[in-house]
Every structure is written in C-alpha cells, then in structure tokens.
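# Architecture and fold: a report
Each chain, written out:
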Amino acid sequence: MQKTNLNTADDIELLAGVSKGSRLAFDILYEKYWKTVFNAAYKRANDREIAEDIAQDVFVQLWTRNTDIVITNLSAYLSIAARNGVFKRMGKEDRYTELTDELQDIQNSLDSTDANILHKEFLNAFAELIESLPSQQQAIFKFRFNEGLSSQQIAEKLQISPKTVRNHIGRALITLKKELILLQILAILCRK
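Thresholds, definitions, all that
Residues numbered from 1 in each chain as written. Predicted model: local features only at pLDDT ≥ 70, side-chain atom pairs only at ≥ 80, totals over all residues. Heavy atoms only, no water. Helix = DSSP H or I, 4+ residues; strand = E, 2+ residues; numbered from the N terminus. Contact = heavy atoms within 4.5 Å. Areas by Shrake-Rupley, 256 points an atom, 1.4 Å probe, with all protein chains shown as cover. Core = buried A, V, L, I, M, F, W, Y, C linked by side-chain atoms within 4.5 Å. Buried < 20%, exposed > 50% of the residue type's maximum accessible area, 1.4 Å probe, protein only. Salt bridge = Lys/Arg side-chain N within 4 Å of Asp/Glu carboxyl O. Bend = angle between axes of the 7 residues up to and from the residue. Phe/Tyr/Trp six-rings, centres within 6.5 Å; stacked < 30°, edge-to-face > 60°. Patch = residues over 30% accessible without salt bridge, like charges linked within 9 Å, V, L, I, M, F, W, Y side chains within 5 Å. Axes fitted to C-alpha atoms, helices over the stretch in contact; angles between N-to-C directions. Parallel < 35°, antiparallel > 145°, perpendicular 65-115°, else oblique. Left-handed = near helix turned anticlockwise from the far one by under 90°. Nonpolar A, V, L, I, M, F, W, Y, C, P; charged D, E, K, R; others polar.

## Some remarks on the overall build of the chain
- In terms of helices and strands, the chain carries 9 helices and 0 strands.
- Helices (α) and strands (β) of the chain occur, in sequence order from the N terminus, as α-α-α-α-α-α-α-α-α.
- Residue pairs at least 24 apart in sequence account for 55% of intrachain contacts in the chain once pairs closer than 6 positions are excluded.
- For the chain, the exposed area adds up to about 12100 Å²; of that, 52% sits on carbon and sulfur atoms.

## What to know about the nonpolar core
- Formed by 26 residues in total, the largest nonpolar core has its most connected members in L29, V37, V58, F59, L62, L74 and L78.
- Put simply, the parts of the chain that give this core at least two residues each are α2 (11-19), α3 (23-45), α4 (48-64) and α5 (74-109).
- Counting residues per element, this core draws most heavily on α3, which supplies 9 residues.
- The contacts of V58, once residues within four sequence positions are left out, are V37, L78, A81 and A82.

## Overview of the pattern of salt bridges
- Under the definition given, this model contains 7 salt bridges.
- In this structure, D11 and K32 form a salt bridge, with 2.8 Å as the shortest nitrogen-oxygen distance. In this pair, D11 is assigned in helix α2 and K32 in helix α3, connecting sequence segments 21 residues apart.
- A salt bridge links D27 to R23; its shortest N-O distance comes to 3.0 Å.

## With respect to α3
- A maximum bend of about 50 degrees is found in α3 at Y33.
- Three or more residues of α3 are buried, namely A25, F26, I28, L29, Y33, V37, F38, A40 and A41.
- Immediately downstream of α3, the backbone of N46 shows phi near 55 degrees, a positive value.

## Some details on the packing of aromatic side chains
- Tallied over the entire structure, the rule returns 8 aromatic pairs.
- On the numbers, 4.9 Å between centres and 65 degrees between planes, the contact of Y30 with F59 is edge-to-face. Linking Y30 in helix α3 with F59 in helix α4, this pair joins segments that are 29 residues apart in sequence.
- Look at F38 and Y42: their rings are 5.8 Å apart centre to centre, the planes differ by 20 degrees, and that puts the pair in the stacked class. Taken together, the residues F38 and Y42, both in helix α3 and 4 residues apart, mark about one turn of the helix.
- For Y42, a relative accessible area of 33% puts it in the partly exposed group.
- Members of the aromatic cluster, joined through ring pairs, are F26, Y30, W34, F38, Y42, F59 and W63.

## Topic: the side chain of H168
- With respect to the secondary-structure elements, H168 resides in helix α9 (residues 162-191).
- Those residues in contact with H168 that lie beyond four places of it in its chain are Q136, Q137 and I140.

## Topic: a nonpolar patch on the surface
- Together, I181, L182 and I185 make up a nonpolar patch on the protein surface, roughly 250 Å² of accessible area in all.
- Residue placement: I185 occurs in helix α9.
- Under the relative-accessibility criterion, I185 is labelled partly exposed at 43%.

## Quick notes on the packing of α2 against α3
- At a minimum axis distance of 8 Å, the contact between α2 and α3 shows a crossing angle of 135 degrees. Viewed along their axes, α2 and α3 adopt a mutual orientation that is oblique. Note on packing geometry: the crossing formed by α2 with α3 is left-handed. Note on element contacts: α3 touches α2 through A25, F26, I28, L29, K32 and Y33, opposite D11, L14, L15, G17 and V18.
- When grouped by side-chain class, the residues that make up the contact of α2 with α3 number 8 nonpolar, 1 polar and 2 charged.

## A few points about the packing of helix α7 (residues 135-145) against helix α8 (residues 151-158)
- In contact at an axis separation of 10 Å, α7 and α8 are set at 135 degrees when each is read in the N-to-C sense. When the axis of α7 is compared with that of α8, the two are oblique. In this structure, α7 meets α8 at a crossing whose hand is right-handed. Two secondary-structure elements touch here, α7 through I140, F143 and R144 and α8 through S151, I154, K157 and L158.
- Here the contact of α7 with α8 is built from residues that sort into 4 nonpolar, 1 polar and 2 charged.

These values are about where atoms sit, not about what they do.
What follows is the structure in structure tokens.
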C-alpha cells in the first residue's frame with residue numbers, strides 16, 4: 001500500500017499492513033489511537049508515567065504480535081489491553097507493598113533497642129542482597145530505587161528498551177522478595 005492509500009485506510013486495512021510488517025501502517029494506528037490508550041490507562045492508574053509505560057507496552061505488543069491475533073474492533077481491543085496492563089501492573093505493585101507492610105509490622109512489634117539493632121542488620125543484609133543481583137539488574141535496581149529514575153530514564157541511560165528495564169526490575173524484586181521472606185522468618189525465630 002502506498003502512503004496516500006494508508007492515510008485513508010480503515011483499521012482492518014491498517015492492521016493487515018501491520019501484519020505484513022508495514023511500519024507506516026503501524027505509525028498511522030499509533031498516531032490515531034495513542035491518546036485513547038493513554039487515557040484508558042491513566043483513568044485507572046492515575047499516574048502519567050505508568051500510563052505512558054502501559055500505552056507503550058500495548059503498542060509494542062500490537063507490533064510484535066501482529067500475526068498472532070485477529071482484531072475486529074481495534075479501539076475496544078486497545079482499551080481492554082490498556083486496562084489489563086494497569087491491572088497487571090497493580091498486581092505486581094500490590095505484592096511488593098504487602099512485603100513492606102509485613103516488615104513494618106515486625107518492626108512495630110519490637111522494642112526500640114531491638115528494633116534499631118535489627119534495622120541495621122536488615123539494612124546490611126538488604127545491601128548484600130542487592131549486591132548479589134546480576135550486574136545489570138543491580139544497576140537498574142539502584143537507578144530506580146536509589147536515584148528515583150523512571151523506566152524511560154533508565155532505558156535512555158543504559159541504551160536499552162523500557163520494557164527490558166521493567167523486566168529486570170520485576171526479576172530483581174522477585175529475587176529480593178524471596179530472600180526478604182527468609183530474613184523475616186529468621187527475625188521472627190530470633191525473637192522467640
């Protein structure tokens with residue numbers, strides 16, 4: 001298809017172009033639906049950066065899965081994909097929040113002297129855990145949580161994709177969570 005034909009094509013024709021690897025067809029769909037996808041994500045996440053990340057993921061999936069799916073209503077498909085992206089992200093964050101809440105409960109239950117000693121030991125153990133991560137996960141984790149950089153900023157700094165950054169953060173958090181649960185169990189056993 002030529003550029004003039006694509007600009008007047010409907011969604012089904014553009015999707016057919018995307019399935020054949022047409023970057024122009026993808027760009028037209030991206031321009032047409034970016035705001036819709038972003039708004040659907042922002043409405044649920046109420047965070048601009050998260051909504052941008054989710055919208056980006058939705059379009060990456062549209063491009064990479066272009067031959068795997070049949071889409072008859074692209075607007076509805078993209079809105080549902082954005083909604084599901086938010087729910088998936090919230091589920092990951094809830095798991096992380098639960099862990100920090102549990103650690104706070106343990107600290108509140110200890111007297112202040114024991115809490116200070118355990119807190120210092122915990123911070124040392126946590127620092128060692130971070131140092132035990134693979135080098136790229138470690139760097140990304142530190143950029144995110146020590147320097148407060150966004151996925152996009154880290155991606156630009158390391159010249160990798162934002163999705164790769166999010167994958168590394170997810171893997172690091174899973175590893176750390178497993179180890180922190182063991183530390184929590186040890187702390188409870190030491191109190192008894």
